[in-house]
Amino acid sequence: MRIGVLVKQVPATENVRIDEETGTMVREGVEAELNPLDLHAVEEAVRLKDRLGEGTEITVISMGPPQAQKAVRAAIAMGCDRGLLLSDRRFAGSDTLATARTLAAGVQKAGGFDLLLSGERATDGETGQVGPAVGQILGLSVLTFVSAVESAAKGSLVVRRAVEGGHERVEAPLPAMLSVVKEINTPRLCTLGGKIRAKKTEIPVLGADDLPIPPELLGLPGSPTKVVKVSYPQITRSGKKVAAADSLNGAVEEILSVLRGRGIV
Amino acid sequence: MNEEYRGVWTLSEVREGRIHPVSYELLAWGRDLADTLGVPLSAVLLGSGVTEQAPELIVHGADQVYVVDDPNLAHFKADSFSKTLAELVNRHRPEIFIASATSSGRTVMPVLYADLETGLTADCTELGIDTKERLLLQTRPAIGGNVMADIKTPLRRPQMCTVRPRSKKPLPPDRSRTGRIIAEKAVPGSLSSVMKLLEFLPEKNVGAPLQDAEVIVAGGKGMKKGANFALLEELAGLLGGSVGASRTAVDLNWAPYSSQVGLSGKSVTPKLYIACGISGAVQHLAGMSAADTVIAVNTDPEAPIFRVADLAIVGDVLEVIPALIGRLKS
Ligand SMILES: Cc1cc2nc3c(=O)[nH]c(=O)nc-3n(C[C@H](O)[C@H](O)[C@H](O)COP(=O)(O)OP(=O)(O)OC[C@H]3O[C@@H](n4cnc5c(N)ncnc54)[C@H](O)[C@@H]3O)c2cc1C
Ligand SMILES: Nc1ncnc2c1ncn2[C@@H]1O[C@H](COP(=O)(O)O)[C@@H](O)[C@H]1O
C-alpha cells in the first residue's frame, strides 16, 4: 500500500502576525513547528504501515517555504519513509483552493497513493478545507473527521467518523483521502535513530515549473478568496469578581442571579 | 459572467430525518444578505422523505426551497451530496451559498468548492454585504481567535462560506409567510455514493452534543480528579446542559476527547459557559470566548479565564459547585 501524508508547518508561537498589506501571514522570523494536529495523521500512517507490513511505504508532502523541510523531516523521524517539499515564491499567498491544487499536483508527481492522510485542520488557518479539497481534486473517496481506521484492506476501508452526537462507521473504496481528528491516536515521540535517518534523508523540492498548473492558478493570483482586512480582537469582559472565601452563600447567590437573569433557571 | 449569478442560498441540515435548527440560523443570516442585495433567499433541502418539512424553511425566512427528495440522500455522504449540490448550483447559479460549519457542512462545502473552483471561507462568525462592490463580506476568527479576518471572493461564483453555529439567532417563526417549494431532480450519477454507512454509534454523554448545547459546564485540572467530574455532570443535568473539558482534563482521562473545548477541540457558542478550575490558556479561550455569558470559578484571582468572565468567583470549585447544586435542588 502506498500512503501519503500532508503536513503543514505552522507558527509555534502565539504571536503570529499578519501582513496588513497583503493580508497574509508573516512567516519570516517566526519560530515554526509541524502542525500539532498533523502529528496524528503521521502517527496513523506509521501505525498502518506496522499493521500492513512489508510493501507499505509512506511519503510526507508539504507545501511551504524552504524551512518547511523541517516539518517533513520531523514526520520522517516518526517513521515515514520519504518526503517531498513543494516550494516556490510563486506559491506564496495561496488560499485553501490554490494550496489544494498545488498539493494535488505534488501528489500526482509523487506517483499517487492508495491512502492520503491529512490533519483535521491547521492551527494557523484553521479551515480544515485543504485535505478534503485535495481529495476531491484527485477524485478520491473523501472521509473527514476520521477517528479510527478499522480496516484498510484490498480496495476498501472502514473508518469511524466523529460527528455531532456520536460516531459513524463508514465503508468506502480506495484510493481515499482521510482527514483525521486528534482522538484517533497518541503520536509517538521520535527516536534518536529516527532523527538521524531524517537528517540523512534527501528531500526533493518541486517548484511551479515542475507542476502542470498554469501560473494564474497558483499562489495569490490563483486564490479566489482575498483577505481584505485583519483585526486583533481583545476579548475582555469586565467581570464582576466575588470571593467565595468571604461568603460561600454570597458567591452561590451571585451565580444564581446570573442564571436567573439569563433565563436558565 | 458574474451577473448571471443571482440570489442567496442556504444549505439546510438534516439529522436523523429532521431539519436541524442550525438551518434556521443560516436563514436569519441569509435573510439579511438577500434583503440588502434585493434578491430572493432560497433554502436547499436534500434528504429522503423531507419534502413535507420544507414549509418550515419558509416559515423561518426562505422565499423558496429547492428540494431533492430521494432515498439515496437518506444519509449524509460527501460525494452524493456535493454532486447533487453542484448540479443545482450549475442549474440555478446563486451568487452566494452558505452552509453551517457542522461536521457535514465542513465536509460537503470543501468538496463542492473544489469542484466549482470558487472561494470558500471557513467558520465565519459575521456576514455582511459590501454594497458598493456587491460582494459578500465574510468575517472569521483564525489562529485561535487571536486574529479576525475579513474575506471576500471578488471574481468567482458562488461566494461560499461555512458559518459557525449559534453565531445568529433564528428569526421568530412566521406562519403567515408564503413561498415556493420546488422539487428538483438530480441525475442518478449525482445521487449515487461510493460510501456505505454501516452504523451510527451514539455518544453516551450527558445532554446535547457540545456544539448544540445552550449551557456548558466545563472542568479543568482544578477539578483535582476524574471522579469530581460527576459534580459537573450533576450540575449540567440540573441546568439542562452538557459537560465540557479543558485539554489537560482530557489528557488526564477525566473526560472524553469529544468534550474537549478549544483550539484542538471544539469551538462552542452556548448561552452560558461555566468554567470550573480552568486556567484559561489562549488555546482554551479560542474555543469558548464567544459564549454569551461566562461564569468562572478558580482559586487563583489572577487566572486568565477571569479576563473573559462576566462573573468571576474566586474560590474552590469543590466547595462552590456542591453548594450551587444544593441550592438548585432545594
Ligand atoms: C497546539 C495546542 C493546542 C491546544 N489545544 C487546547 C484545546 O483545544 N483546549 C484546551 O483546553 N487546551 C488546549 N491546549 C492546552 C492549553 O495550553 C492549556 O495547557 C490547558 O487548557 C490547561 O488546562 P486547565 O486549565 O484545565 O489546566 P491548568 O492550566 O493546570 O489550570 C488549572 C486551573 O485550576 C485552578 N484550580 C486549582 N485548584 C482549584 C480548585 N480547587 N478550585 C478552583 N480552581 C482551582 C488553578 O488556579 C488553575 O487556574 C493546547 C495547547 C497547544 C500547545
Ligand atoms: N501547505 C500545506 N502543505 C501540506 N499540507 C497542508 C498544507 N496546508 C494544509 N495542509 C493539510 O491540510 C490540513 C488542513 O489544513 P487547513 O485547511 O489549512 O486547516 C492540515 O492539517 C494539513 O494536513
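Residues numbered from 1 in each chain as written. Chains lettered and ligands numbered in written order. Predicted model: local features only at pLDDT ≥ 70, side-chain atom pairs only at ≥ 80, totals over all residues. Heavy atoms only, no water.

**Quick look at the domain arrangement of chain A**
Put simply, the rule reads: These domain boundaries are the output of an automatic or database domain assignment.
The assigned domain composition of chain A is domain 1 (2-217) and domain 2 (235-265). Placing a centre on the C-alpha atoms of domain 1 of chain A and another on those of domain 2 of chain A gives a separation of 45 Å.

**Concerning the sheet that holds strand E10 (residues 147-152) of chain B**
The condition is simple: In this scheme, strands are said to pair when DSSP sees at least two bridges between them. Note on conventions: DSSP H or I runs of at least 4 residues are helices, E runs of at least 2 residues are strands, and numbering of each starts at the N terminus. Simply put, an axis is a line fit to the C-alpha atoms, just over the touching stretch for a helix, and the angle between two N-to-C directions goes from 0 to 180 degrees. Should any heavy atoms of two residues lie within 4.5 Å, those residues are considered in contact.
Pairing is antiparallel in the open sheet, where four strands are placed in the order E14(A)-E10(B)-E9(B)-E8(B). Edge positions in the sheet fall to strand E14 (226-231) of chain A together with strand E8 (126-130) of chain B, since each has one partner strand and no second. Within this sheet the neighbouring strands show an average axis-to-axis angle of 25°, counted without direction. When strand E9 (residues 135-142) of chain B meets E10(B), the two strands line up antiparallel, connected through five bridges. Bridge pairing in E10(B) places B:Gln138 opposite B:Ile151. Docked against the sheet, helix H1 (residues 22-37) of chain B engages E8 and E9 of chain B, running at close to 5° with respect to E8(B).

**Observations concerning the packing of aromatic side chains**
All names here are of chain B. To keep things clear, this is the line we draw: Only Phe, Tyr and Trp rings take part, Trp by its six-membered ring, and two of them pair if their centres are within 6.5 Å. Stacked means planes under 30 degrees apart, edge-to-face means over 60, and tilted covers everything else. Using a 1.4 Å probe on the protein chains alone, a residue whose accessible area is under 20% of its type maximum counts as buried, one over 50% counts as exposed, and one in between counts as partly exposed.
This structure, assessed with the given rule, holds four aromatic pairs over all chains. Aromatic pair Trp9 and Tyr66: ring centres 5.1 Å apart, planes at 50°, arrangement tilted. Taken together, the residues span a long stretch of sequence, with Trp9 in strand E1 (residues 8-11) and Tyr66 in strand E5 (residues 64-69) at a distance of 57 residues. According to the relative accessible area criterion, Trp9 is buried, its value standing at 2%. Residue Tyr66 is classed as buried on the basis of its relative accessible area of 8%. One aromatic cluster in this structure is built from Trp9, Tyr66 and Phe97.

**Section: the environment of B:Leu155**
Residue and element names in this part refer to chain B. Looking at the secondary structure, you find Leu155 in the loop between E10 and strand E11 (159-163). By relative accessible area, Leu155 is classed as exposed at 64%. Separated by 29 residues in the primary sequence, Leu155 and Glu184 have C-alpha atoms spaced 28 Å apart.

**Points about the site of ligand 2**
Residues and elements named next belong to chain A. As a reminder, the rule being used: Proximity is defined per residue: any heavy atom of the residue falling within 4 Å of a molecule or strand makes that residue near it. Counted as a polar contact is a pair of N or O atoms within 3.5 Å, where, for protein atoms, one must be capable of donating a hydrogen and the other of accepting one, and residues adjacent in sequence contribute only when both atoms are in side chains. The Shrake-Rupley method, run with a 1.4 Å probe sphere, supplies the accessible areas, and residue values consider only the shown protein chains as cover.
Close contacts around ligand 2 come from 20 residues, with Leu6, Asp38, Ala122, Thr127 and Gly128 the closest. Asp38 places a side-chain nitrogen or oxygen 2.4 Å from an oxygen atom of ligand 2. Between an oxygen atom of ligand 2 and a main-chain N or O atom of Gly119, the distance comes to 3.0 Å. With the chains in place, 98% of the 480 Å² that ligand 2 exposes on its own is no longer accessible. Elements supplying a minimum of two residues to the shell around ligand 2: strand E6 (57-63), helix H3 (96-109), strand E8 (115-119) and helix H4 (130-137). Among the elements that make up the shell around ligand 2, the one with the highest residue count is E6 (three residues).

**Observations concerning the sheet that holds strand E14 (residues 215-219) of chain B**
Strand order in this open sheet of six strands is E15(A)-E18(B)-E17(B)-E16(B)-E14(B)-E15(B), and the pairing throughout is parallel. Of all strands in the sheet, those with a lone pairing partner are strand E15 (240-243) of chain A together with strand E15 (242-245) of chain B, marking the two edges. Pairwise comparison of adjacent strand axes, ignoring direction, gives a mean angle of 20° for this sheet. Where E14(B) and E15(B) come together, four bridges link them in parallel fashion. Bridge pairing in E15(B) places B:Ile216 opposite B:Ser242. Running at roughly 160° to strand E18 (residues 311-314) of chain B, helix H6 (residues 248-261) of chain A makes contact with E15 of chain A together with strand E16 (272-276), strand E17 (293-298) and E18 of chain B of the sheet. Packed on one face of the sheet, helix H6 (residues 229-239) of chain B meets E14, E15 and E16 of chain B and runs near 170° to E14(B).

**Some thoughts on the domain arrangement of chain B**
Residue and element names in this part refer to chain B. The cut-off we apply is this: Joining two parts hides part of their accessible area as seen by a 1.4 Å probe, and the buried area is that hidden amount summed over both. Counted as salt bridges are all cases of a side-chain nitrogen of Lys or Arg within 4 Å of a carboxyl oxygen of Asp or Glu.
In terms of domains, chain B is made up of domain 1 (2-191) and domain 2 (210-329). Just the C-alpha atoms count here: the centres of domain 1 and domain 2 sit 33 Å apart. If you look at the interface, domain 1 gives eight residues, while domain 2 gives 10 residues. A buried area of about 750 Å², summed over both sides, lies between domain 1 and domain 2, and 42% of it is on carbon and sulfur atoms. On inspection of domain 1 and its partner domain 2, the count reaches two salt bridges. Of the charged contacts in the structure, one is a salt bridge between Glu214 and Arg166, with a shortest N-O distance of 3.8 Å.

**With respect to the site of ligand 1**
Rules: For this classification, the nonpolar set comprises Ala, Val, Leu, Ile, Met, Phe, Trp, Tyr, Cys and Pro, the charged set comprises Asp, Glu, Lys and Arg, and every other residue, Gly included, is treated as polar.
Neighbouring residues of ligand 1: 26 residues in total, closest B:Lys224, B:Ser246, B:Ser264, B:Ser279 and B:Asn298. Each of chains A and B places residues next to ligand 1. Note that an oxygen atom of ligand 1 is positioned 2.8 Å from one of the backbone N or O atoms of B:Lys221. B:Asn298 places a side-chain nitrogen or oxygen 2.7 Å from an oxygen atom of ligand 1. Coverage of ligand 1 by the protein amounts to 79% of the 980 Å² it exposes when considered alone. For the shell around ligand 1, the secondary-structure elements that each account for two or more residues are helix H7 (247-251) and helix H8 (282-288) of chain B. Grouping the constituent residues of the shell around ligand 1 by class yields six nonpolar, 15 polar and five charged.

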